[in-house]
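# Secondary and tertiary structure notes
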Amino acid sequence: MQRELHDHYFKQAKRDGYLSRAAYKLIEIDDKRGMLKRGMTVLDAGAAPGSWLQVISDRVGPKGTVIGVDLKAIQHQFRHDNVRTFEMDMRAMDVDVILEAIRPAQRFDAIMSDMAPNTTGDRIVDHHGSIRLCEALLDLAPTWLKVGGPLVMKVFEGEAYPTLMSRVQASFDRVRGAKPKASRSISNEMYIVATGYRGDAGESGDEQDDMPFELPKRKPSTGWGS
C-alpha cells in the first residue's frame, strides 16, 4: 500500500509538471495552514531540485518574490518570472546579493525548507545532521524573517527532536509537527510548522513554558527513508 502511495505521488508529479513528489508535501501543509499569500516574499532554503519553488511561485503570484538557495545549481526554467535562484550556502548567504534580489523588502515574509543532510544510512548520524541544518535555519531567522512570519522546515526524528521543537516554540506563537501524506510512512522525516515569529526577543522570554508544542497524533515511525 505504501509503495502504491509513493508511486501515485511520483506519477502525479510527472502529470502536474512538478520536479518531484515533494511538492505535494508543501501543498498539503499550506492548504491546512494558509501561510503562503499573494504578493509575499519567500525564502526556500535548500531549494534543489525546485519543486517547492514551483509551489511557492504559484501561490505568491506575479507580484510575489521567491528566492531559492542551495549548494547545488538549480537549472529548471520556472513558469513564472518571480523566482530567482542562488548557488550558495544558506548558512553564509551574501546579504547584499539577497537584499538586492528582494528589494524593496528587507526581510522575508516566510521561510520554507525541505533540506536534508547527505544521508549516511546511520539513523543517529543522519538525525543529528538534520538537527544541525534546522538549528542553522533558526539562526537565520533574526536576520531574515519578518516578525509574525511562518517557518516550515523538514527534520528527521530522533533524540534531539524535542529540544529542537522547544527552541522553535520559544520563538514562535504556534508550533506543530506535521507528517504529510506524500511522506513515506516508514520515513523518519517530519515537518515543523511554526507561525507567528516573535523576533529577536522570542527566545529570551519566559512565556514558552505555558505554550506546549503540538505533535501529530500518530505513533513514532520506526523505519528510515526520504
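In this report, the structure presented in the accompanying data block is examined. (Residues numbered from 1 in each chain as written. Predicted model: local features only at pLDDT ≥ 70, side-chain atom pairs only at ≥ 80, totals over all residues. Heavy atoms only, no water.)

### Things to note about the packing of aromatic side chains
The cut-off we apply is this: Two rings from Phe, Tyr or Trp (for Trp, the six-membered ring) form a pair when their centres are within 6.5 Å of each other. A pair whose planes differ by under 30 degrees is stacked, one over 60 is edge-to-face, and the rest are tilted. Here the term buried applies to any residue with accessible area under 20% of the maximum for its type, exposed to any over 50%, and partly exposed to those in between, with areas from a 1.4 Å probe on protein chains only. Helix numbering and strand numbering both begin at the N terminus, where a helix is a DSSP run of H or I of at least 4 residues and a strand a DSSP run of E of at least 2.
Counted under the stated rule, the structure contains 5 aromatic pairs. Judged by centre distance (5.5 Å) and plane angle (85°), the rings of Tyr-18 and Tyr-24 are edge-to-face. Exposure remark for Tyr-24: the relative accessible area of 11% places this residue in the buried category. When the ring of Phe-108 is compared with that of Trp-144, the centres are 5.8 Å apart and the planes differ by 55°; the resulting orientation is tilted. You can see Phe-108 sitting in the loop between helix 4 (95–102) and strand 4 (110–113) and its partner Trp-144 sitting in helix 5 (residues 123–144), a full 36 residues away along the chain. Its relative accessible area of 3% is what places Trp-144 among the buried residues. One aromatic cluster is present, built from ring pairs that chain together Tyr-9, Tyr-18 and Tyr-24.

### Quick look at helix 5
Here is the rule we go by: By this rule the span expected of a helix is its residue count minus one, scaled by 1.5 Å. Under the rule applied, a polar contact is a pair of N or O atoms within 3.5 Å (in protein, one hydrogen donor and one hydrogen acceptor; residues adjacent in sequence only if both atoms are side-chain atoms).
For helix 5, built from 22 residues, the straight-helix expectation of 32 Å at 1.5 Å per residue is met to within 8% by its first-to-last C-alpha distance of 31 Å. Capping the start of helix 5 is the job of one residue whose side-chain oxygen sits 3.0 Å from the backbone nitrogen of Ile-124: Asp-122.

### Overview of the nonpolar core
As a rule of thumb, nonpolar side chains are buried together in soluble globular proteins. This is how it is decided: Here, the term nonpolar core denotes a set of buried Ala, Val, Leu, Ile, Met, Phe, Trp, Tyr and Cys residues that are joined through side-chain atoms within 4.5 Å. Contacts are assigned to residue pairs that have any heavy atoms within 4.5 Å of one another.
Counting 39 residues, the largest nonpolar core has Ile-67, Met-90, Met-93, Leu-137, Met-153, Phe-172 and Ile-192 as the members making the most contacts within it. For this core, the elements supplying multiple residues, two or more each, are strand 1 (41–45), strand 2 (65–70), helix 4, helix 5, strand 5 (151–156), helix 6 (161–171), strand 6 (172–178) and strand 7 (189–197). The element contributing the most residues to this core is helix 5, with 9 residues. When neighbours within four sequence positions are excluded, Leu-137 is seen to be in contact with Ala-45, Met-90, Ile-111, Ser-113, Met-115, Leu-151 and Met-153. Residues Tyr-9, Ala-47, Met-112 and Val-193 belong to the second largest nonpolar core, which totals 30 residues.

### Section: the pattern of salt bridges
Which entries qualify depends on this criterion: By salt bridge we mean one thing: a side-chain nitrogen of Lys or Arg within 4 Å of a carboxyl oxygen of Asp or Glu.
For the coordinates displayed, the defined rule picks out 13 salt bridges. For Lys-146, the salt bridge goes to Asp-109, with nearest N and O atoms at 2.9 Å. Highlighted residues: Lys-146 in the loop between helix 5 and strand 5 and Asp-109 in the loop between helix 4 and strand 4, separated in sequence by 37 residues. Of the residues examined, Lys-146 reaches a relative accessible area of 33% and is grouped as partly exposed.

### Considering the sheet that holds strand 2
So the rule is basically this: Two strands qualify as a pair provided that DSSP identifies no fewer than 2 bridges between them. For helices, the fitted line uses only the C-alpha atoms of the stretch in contact; every axis is such a line through C-alpha atoms, and the angle between N-to-C directions lies from 0 to 180 degrees.
Across the sheet, which stays open at both edges, the 7 strands sit in the order 3-2-1-4-5-7-6 with mixed pairing between neighbours. At either end of the open sheet lies a strand with only one pairing partner, and these are strand 3 (83–87) and strand 6. Adjacent strand axes in the sheet meet at a mean angle of 20°, parallel and antiparallel pairs treated alike. Pairing between strand 2 and strand 3: 5 bridges, direction parallel. In the strand pairing of strand 3, Val-66 is matched with Val-83. Lying over the sheet, helix 2 (residues 23–33) contacts strand 4, strand 5, strand 6 and strand 7, oriented at roughly 35° with respect to strand 7. Contacting strand 1, strand 4, strand 5, strand 6 and strand 7, helix 5 crosses the sheet at an angle of about 165° to strand 5.

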